[in-house]
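What the coordinates show
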Amino acid sequence: MDCLGLDKYHRPHICQKCGGVMIYKGVGEYHCERCDEVAYDDYGKVRLYVEQHPGATVVEAEAATGVSRKTIRQLLREERLEVAADSRSFLACQACGAPIRSGSFCPQCAQKRQKRMEELAHRSITEGMQGRMISNTAGQEGAKRFTRDK
Ligand SMILES: [Zn+2]
Ligand SMILES: [Zn+2]
């Protein structure tokens with residue numbers, strides 16, 4: 001069937017189990033009128049996933065539900081998803097993929113990065129100092145240069 005308008009969100013019409021008719025129950029959920037099998041359209045799948053994984057990213061939702069990113073974003077735009085009000089939570093930390101509300105890294109990774117940078121800076125200072133100490137053992141000038149500003 002080629003009715004894109006109606007099947008934009010892959011609504012289940014026929015029960016996968018018994019072939020019965022699926023009845024719409026709201027919020028993207030369908031129940032088979034014969035065997036009570038539950039099925040979801042794209043909206044229902046994503047809504048359910050986001051409900052169970054608050055702050056999940058579009059990428060995670062796509063991987064878990066099989067619903068395309070494009071459709072998820074469309075649902076967000078249409079504000080059929082509850083996370084639509086805060087779509088910024090659909091950002092992911094660039095290091096670990098955790099959901100974040102702003103920036104590029106989650107607080108933990110931001111802290112880790114900060115620490116690593118400090119360590120690197122510290123190490124280069126220490127190594128630089130050691131280098132100078134060795135090369136400056138002779139001569140007053142070297143000793144002066146090594147004196148740290150206060
Ligand atoms: Zn059924
Ligand atoms: Zn992170």
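Structure: see above.
As the structure is a prediction and not an experimental result, all values here were calculated from the model.

Remarks on the coordination of the zinc ion (ligand 2)
The protein atoms donating to the zinc ion (ligand 2) are C93 (SG), C96 (SG), C106 (SG) and C109 (SG), with metal-donor distances spanning 2.3 to 2.4 Å. Metal-centred angles of 103 to 115 degrees between the 4 donor atoms at the zinc ion (ligand 2) mark the site as tetrahedral. All donors of the zinc ion (ligand 2) belong to a single chain; written as a sequence motif, their spacing is C-x2-C-x9-C-x2-C. Of this pair, C96 sits in the loop between β4 (91-92) and β5 (99-100) while C109 sits in helix α4 (residues 107-135), and the two are 13 residues apart along the sequence.

Comments concerning the coordination of the zinc ion (ligand 1)
Around the zinc ion (ligand 1), the protein supplies C15 (SG), C18 (SG), C32 (SG) and C35 (SG) as donor atoms, at distances of 2.2 to 2.3 Å. Angles of 101 to 116 degrees at the metal separate the 4 donor atoms of the zinc ion (ligand 1), which places the site in the tetrahedral class. All donors of the zinc ion (ligand 1) belong to a single chain; written as a sequence motif, their spacing is C-x2-C-x13-C-x2-C. A residue pair is termed long-range when its members are at least 10 positions apart, and C15 in the segment before β1 (22-26) and C32 in strand β2 (residues 29-32) qualify at 17 residues. Note on C15: relative accessible area 4%, which makes it buried. Accessibility expressed as a relative area gives 2% for C32, which makes it buried.

Regarding the nonpolar core
As a rule of thumb, nonpolar side chains are buried together in soluble globular proteins. Counting residues in each nonpolar core, the largest one holds 12 residues, listed as Y9, Y43, V46, Y49, V50, A56, V58, A61, V67, I72, L75 and L76. With 4 residues, helix α1 (residues 42-52) is the single largest residue contributor to this core. The next biggest cluster of nonpolar side chains, apart from the first, holds 5 residues, and it includes C15, M22, C32 and A39.

Side note on the packing of helix α2 (residues 58-65) against helix α3 (residues 69-77)
Their axes nearest at 9 Å, the elements α2 and α3 cross at an angle of 120 degrees. On the basis of the axis angle, α2 is oblique to α3. Crossing hand, α2 versus α3: right-handed. Residues V58, V59, A61 and E62 of α2 touch α3, and the partners they reach there are R69, I72, R73 and L76.

A short note on the sheet that holds strand β3 (residues 38-40)
Strand pairing within a sheet occurs via backbone hydrogen bonds; the two strands may be parallel or antiparallel. The sheet built from 3 strands is open, its strands ordered β1-β2-β3 with antiparallel pairing. For this open sheet the edge positions go to β1 and β3, each flanked by a neighbour on one side alone. Strand after strand, the sheet turns through a mean of 35 degrees between neighbouring axes, direction not considered. Summarising the sheet, β1 and β2 pair through 4 bridges and their orientation is antiparallel. Paired with Y24 across the strands is Y30, a residue of β2.

Cut-off values and rules
- Residues numbered from 1 in each chain as written.
- Chains lettered and ligands numbered in written order.
- Predicted model: local features only at pLDDT ≥ 70, side-chain atom pairs only at ≥ 80, totals over all residues.
- Heavy atoms only, no water.
- Donors = N, O, S within 2.8 Å, 3.2 Å for Na, K, Ca; no water.
- Tetrahedral: all angles 85-135°; square planar, octahedral: opposite > 155°, others 65-115°.
- Helix = DSSP H or I, 4+ residues; strand = E, 2+ residues; numbered from the N terminus.
- Buried < 20%, exposed > 50% of the residue type's maximum accessible area, 1.4 Å probe, protein only.
- Core = buried A, V, L, I, M, F, W, Y, C linked by side-chain atoms within 4.5 Å.
- Axes fitted to C-alpha atoms, helices over the stretch in contact; angles between N-to-C directions.
- Parallel < 35°, antiparallel > 145°, perpendicular 65-115°, else oblique.
- Left-handed = near helix turned anticlockwise from the far one by under 90°.
- Contact = heavy atoms within 4.5 Å.
- Pairing = 2+ DSSP bridges.

Purely geometric stuff here, so don't read any function into it on its own.
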